[in-house]
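Structure assessment
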Amino acid sequence: MMAKTITILVVDDDELHLQFVQHALKEENVEVYTAPNGKTGLALFLEKRPQGVLLDLVLPDIGGMQLLPQMLAADPGAEIILMTGNYSTESAVEAIRNGAGDYLNKPLDLPRFHQRIRRLVADSERRQRAKWLEQEVIETFTLEGIVGRSPLMLELFDRIRRVGPHFQTALITGPTGTGKELVAQALHRLSRNSSKPLLVCNCSAITETLVESELFGYVRGAFTGATADKMGLFEAANGGTVFLDEIGELSLPAQAKLLRILQQREVQRIGSPTVKTIDVRVVAATNRKLRTLVQEKLFREDLFHRLSMIEITLPSLSERKEDLVLLERHFLERFNAKLNRNLRGLTLRAQQILARHDWPGNVRELENVIGHASMFSQSEMIDVHDLPEYLRVPARAEAQNDGMMSLEKLQRLHARRVVAQVEGNKFQAAKILGISRNTLYGLLSDDDPDAAT
């Protein structure tokens, strides 16, 4: 694949230095625009949308430090490098803190300058491929369904690619519905043993009495009902990967047994004197704050450190709303194939409603919304009336008075909203809210402590 030329804007009031930079960049695979002052530079930036900017700190009209936030506000993905003839540690730190990609001293050190530009070119080409060839990004993770081109997701993709071939244990954290199992699948697929099995254990679904037999297995006669040998999860996954979902729900005794496997890389079936050596990669996931659980003595600190050698945190959908359009298209294509439809897209006003939504259920909620709309749409374009009712109906009068409610009534209202957003799935709603189902049922009861007020 041929390398793509990127655009670099140089803003400097020193004509000789502009010529020097242009000459230095001749050998690089870049297109160069120049501006002698800040006003012209900002206009060129907004017109040309360069991937990189070399910005002089001192300009006759608008200083580089003032231009920096304006440019980043217009294009947060641009790499802006400040240049100055009067270097100071304080200004360098301030520039980096405000979003500058680097801070170079004038006159430029040519070897370092060329190295920095080449890195910029390489980074920009990678980001441009993801932006221009969205299908390539989707195909890279087709099996896992991970989709995104926002800076947060590109960093996540890069981290997964680097970690995949080498990890032994990894911890995936993030809110419910962000795709933690998809990341586990991606890590396994990119591992050296991707041909071996990936086995999944939902820790919240296993009772305390069954944990040991499910994870380690047992031999015939080990206990009442053990009528035949059973291989445990870790032994069955030997050579591959075990995905422990909802690891935060595992009891302390079960955590101790898991820690021994991770430390010794050995497994012993219940009732068997034989110890078997295993080679298993372990990926754990949770939407709970394990560090808090460690402080509360609800999660073993040694197990936490063993699991979190590599920690991958998934962003919520509200943190990467620039991915909404790409995700909408991805799910639309999926439901077109599944439902034998030929939907072309969403109307602008439907997109605006989705853009304004907070997405407490994250990507999983968006998938449900597009699936719902795909089934109900009667034209080639999904419109507002095709969206679920909770997105279409304006906030009711009680929502306008949230600030005047008691805390308990506000909790009840929020719980009802979340249940509505996940289409009545109380188990999923309880996970989103971070409470037990019994607590959720209490919040949804008809008893309203403020009803008489």
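Here the structure is shown first, and the text comes after it.
Right, let's walk through the structure included here. All values derive from a computational prediction rather than experimental measurement.

Attention shifts here to a nonpolar patch on the surface. On the surface, Leu-339, Met-375 and Phe-376 cluster together into a nonpolar patch covering about 310 Å² of accessible area. Residue placement: Phe-376 occurs in helix 16 (residues 362–376).

A few words now on helix 2 (residues 38–48). All of the buried residues along helix 2 are Gly-38, Gly-41, Leu-42, Leu-44 and Phe-45. Taken down its axis, helix 2 places every buried residue within 165° of arc, on the same side. Facing away from the buried side of helix 2 by more than 90 degrees, the exposed set consists of Lys-39 and Glu-47. Contacts made by the buried residues of helix 2 are with strand 1 (6–11), strand 2 (30–35), strand 3 (52–56) and helix 3 (64–74).

This next bit is on the sheet that holds strand 10 (residues 241–245). Spatial ordering of the open sheet is given by 7-10-13-6-14, a layout of 5 strands whose pairing is parallel. What marks the edges here is a single partner per strand, and that holds for strand 7 (198–202) and strand 14 (311–313). Averaged over neighbouring strand pairs, the angle between their axes works out to 20° when direction is ignored. Across 3 bridges, strand 6 (residues 169–173) lies against strand 14 in parallel orientation. Its bridge partner being in strand 14, Thr-173 is matched across the sheet by Thr-313.

Counting buried positions along strand 3 gives 5 out of 5 residues, so the element sits mostly inside the fold. Neither face of strand 3 is left uncovered, since the one carrying Gly-52, Leu-54 and Asp-56 and the one carrying Val-53 and Leu-55 both have all their residues buried. Sheet topology places strand 1 next to strand 3; 4 bridges connect them, and they run parallel. Considered in strand 3, the bridge of Val-11 is made with Leu-55. As paired elements, strand 3 and strand 4 (residues 79–84) share 5 bridges and run parallel to each other. Counted as the bridge partner of Val-53 is Ile-80 from strand 4.

Attention now moves to the nonpolar core. Grouped together as the largest cluster of nonpolar side chains are 30 residues, with contacts concentrated most on Leu-215, Phe-234, Leu-244, Ile-247, Leu-258, Phe-299 and Leu-307. Looking at this core, the elements with two or more residues in it are helix 9 (208–216), helix 10 (233–236), strand 10, helix 11 (252–264), strand 13 (281–286), helix 12 (290–295) and helix 13 (301–307). The greatest single-element share of this core, amounting to 5 residues, is contributed by helix 11. Ignoring any residue separated from it by four or fewer positions in sequence, one finds Leu-244 in contact with Cys-201, Cys-203, Leu-215, Phe-234, Leu-258, Val-282, Val-283, Ala-284 and Ala-285.

For the rest of this paragraph, the subject is the packing of aromatic side chains. Any pair of aromatic rings gets described here by the distance separating the centres and the angle formed by the planes. Evaluated as defined, the whole model comprises 1 aromatic pair. Look at Tyr-218 and Phe-223: their rings are 4.9 Å apart centre to centre, the planes differ by 65°, and that puts the pair in the edge-to-face class.

Our focus in this paragraph is the environment of Val-418. By the secondary structure assignment, Val-418 is in helix 19 (residues 407–421). Val-418 gets classed as buried once you look at its relative accessible area, which sits at 2%. Aside from chain neighbours lying at most four places away, what touches Val-418 is Ala-429, Ile-432 and Leu-433.

Before going further, it helps to examine unusual backbone geometry. Across residues other than glycine, the phi torsion is negative in most instances, and most of the peptide bonds are trans. With omega at 0°, the peptide bond leading from Lys-106 into Pro-107 counts as cis. Residue position: Pro-107 is located in the loop between strand 5 (102–105) and helix 5 (110–132). Even without glycine at this site, Asn-340 takes up a positive phi of about 55°. Even without glycine at this site, Trp-359 takes up a positive phi of about 55°. Assignment of secondary structure puts Trp-359 in the loop between helix 15 (348–356) and helix 16.

Cut-off values and rules
Residues numbered from 1 in each chain as written. Predicted model: local features only at pLDDT ≥ 70, side-chain atom pairs only at ≥ 80, totals over all residues. Heavy atoms only, no water. Patch = residues over 30% accessible without salt bridge, like charges linked within 9 Å, V, L, I, M, F, W, Y side chains within 5 Å. Areas by Shrake-Rupley, 256 points an atom, 1.4 Å probe, with all protein chains shown as cover. Salt bridge = Lys/Arg side-chain N within 4 Å of Asp/Glu carboxyl O. Helix = DSSP H or I, 4+ residues; strand = E, 2+ residues; numbered from the N terminus. Buried < 20%, exposed > 50% of the residue type's maximum accessible area, 1.4 Å probe, protein only. Arc of directions from axis to C-beta. Contact = heavy atoms within 4.5 Å. Pairing = 2+ DSSP bridges. Axes fitted to C-alpha atoms, helices over the stretch in contact; angles between N-to-C directions. Core = buried A, V, L, I, M, F, W, Y, C linked by side-chain atoms within 4.5 Å. Phe/Tyr/Trp six-rings, centres within 6.5 Å; stacked < 30°, edge-to-face > 60°.

Treat this as a map of the structure, not an account of what it does.
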